[in-house]
Amino acid sequence: MAEREQHAAAEPLADKYYFLIRRLHSLTGLVPVGVFLVIHLSINATVLAPGPAGSEFQRSVERIHSLGPLLVPVEIVGIFLPLLFHTLLGFQIIFTAQSNAQQYRYGSNIRYTLQRATGIIAFVFIFYHVWQMHWFGEWAGGGSFRLYDESGGALAATTTAATIQAAWWIAPIYAIGVLSAVYHLANGIWTSLITWGITIRPRSQQAAGYVCAAFGVVLSLVGLGALSAFRTFNPTEETAQKTGHSVTAATHDR
């Protein structure tokens with residue numbers, strides 16, 4: 001008994017709570033990170049709504065910023081910290097686990113490898129996206145997104161479009177990043193249903209696979225549709241008069 005207690009005490013903390021940590025990793029990938037991805041892409045897609053160019057997107061972003069001083073702590077606690085935990089543990093899993101997808105090209109092994117690869121791509125893309133758009137990136141020359149200009153004119157769609165249109169290679173990077181993030185989430189939902197014991201039988205796993213695949217296709221279309229709209233976005237004369245800025249100049253005004 002004493003030897004068993006000594007062995008348990010000497011066991012590394014990560015090994016001792018491995019089951020719990022893996023469950024937390026799975027959970028944070030779904031809530032809040034996965035939920036945020038769905039909301040974020042859905043809000044971006046409001047740029048496709050009929051009416052004055054970018055007006056619905058502007059209103060959607062304004063509703064988020066209506067949190068005022070609570071917005072930053074909500075972002076840190078509700079998004080960035082769970083994302084950091086999920087990412088760090090994900091890298092630990094990637095670098096310690098082994099895949100036999102090259103030797104045995106079964107669908108599950110291929111999905112396993114794609115899940116890890118898209119996780120890495122999504123992490124790099126999110127880092128790039130936050131630097132480029134979020135005010136966190138201002139210190140390093142990023143943070144180009146603006147909600148209003150100095151006179152209170154709407155700039156959400158204008159600055160987003162200006163950033164994506166700044167170079168030909170930015171839109172393809174966003175397309176790859178969006179598709180990687182969506183695949184990682186959709187496949188992650190499918191594997192989580194198995195991990196949490198919700199889909200045990202092969203038939204239920206197959207049915208869940210179809211649902212998750214359909215979810216991934218729809219969310220990909222939402223994300224790519226928004227990207228296409230921003231890539232070709234051209235403010236109307238009315239919007240330009242409201243902001244008092246050109247698309248290029250808007251990225252430099254707060």
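You'll find the structure just up there.
Residues numbered from 1 in each chain as written. Predicted model: local features only at pLDDT ≥ 70, side-chain atom pairs only at ≥ 80, totals over all residues. Heavy atoms only, no water.

Participant: What exactly am I supposed to notice about a nonpolar patch on the surface here?
Facilitator: Together, Tyr17, Leu20, Leu24, Leu27, Val31, Val35, Ile39, Phe85, Trp196 and Ile198 make up a nonpolar patch on the protein surface, roughly 900 Å² of accessible area in all. Mapped by element, the contributors of at least two residues to the nonpolar patch are helix 3 (18-30) and helix 4 (33-44). No other element matches helix 3, which puts 3 residues into the nonpolar patch. Looking at the secondary structure, you find Phe85 in helix 6 (residues 71-96). (Patch = residues over 30% accessible without salt bridge, like charges linked within 9 Å, V, L, I, M, F, W, Y side chains within 5 Å. Areas by Shrake-Rupley, 256 points an atom, 1.4 Å probe, with all protein chains shown as cover. Salt bridge = Lys/Arg side-chain N within 4 Å of Asp/Glu carboxyl O. Helix = DSSP H or I, 4+ residues; strand = E, 2+ residues; numbered from the N terminus.)

Participant: When you look at helix 6 in this model, what are you seeing that I'm missing?
Facilitator: Think of an α-helix as turning once every 3.6 residues; residues three or four places apart then point the same way. Between its first and last C-alpha, helix 6 extends 36 Å over 26 residues, near the 38 Å set by a 1.5 Å rise per residue. For helix 6, the principal kink sits at Phe80 and spans about 30°; a proline, Pro82, occurs within the next four residues. All of the buried residues along helix 6 are Leu71, Glu75, Ile79, Pro82, Leu83, His86, Thr87, Leu89, Gly90 and Ile93. Packed against the buried residues of helix 6 are helix 3, helix 4, helix 5 (55-65), helix 7 (107-133) and helix 9 (170-195). (Expected span 1.5 Å × (residues − 1). Bend = angle between axes of the 7 residues up to and from the residue. Buried < 20%, exposed > 50% of the residue type's maximum accessible area, 1.4 Å probe, protein only. Contact = heavy atoms within 4.5 Å.)

Participant: How do you make sense of unusual backbone geometry when you look at a structure like this?
Facilitator: Leaving glycine out, the prevailing phi sign among residues is negative, and the prevailing peptide bond configuration is trans. Here the residue pair Val31 and Pro32 is connected by a cis peptide bond, since its omega of 10° sits within 30 degrees of zero. For Pro32, the position within the fold is in the loop between helix 3 and helix 4.

Participant: Mind showing me how you'd approach the nonpolar core here?
Facilitator: It is characteristic of soluble globular proteins that their nonpolar side chains tend to be buried jointly. Grouped together as the largest cluster of nonpolar side chains are 21 residues, with contacts concentrated most on Phe57, Val61, Phe145, Tyr174 and Phe230. Within the residue set of this core, elements represented by two or more residues are helix 5, helix 7, helix 8 (156-164), helix 9 and helix 10 (202-231). If we ignore the near neighbours within four places in the chain, the residues touching Phe230 are Asn44, Val47, Phe57, Ala157, Thr160, Ala161, Ile164 and Gln165. Membership of the second largest hydrophobic core comes to 8 residues, among which are Leu37, Ala122, Ala181 and Leu219. (Core = buried A, V, L, I, M, F, W, Y, C linked by side-chain atoms within 4.5 Å.)

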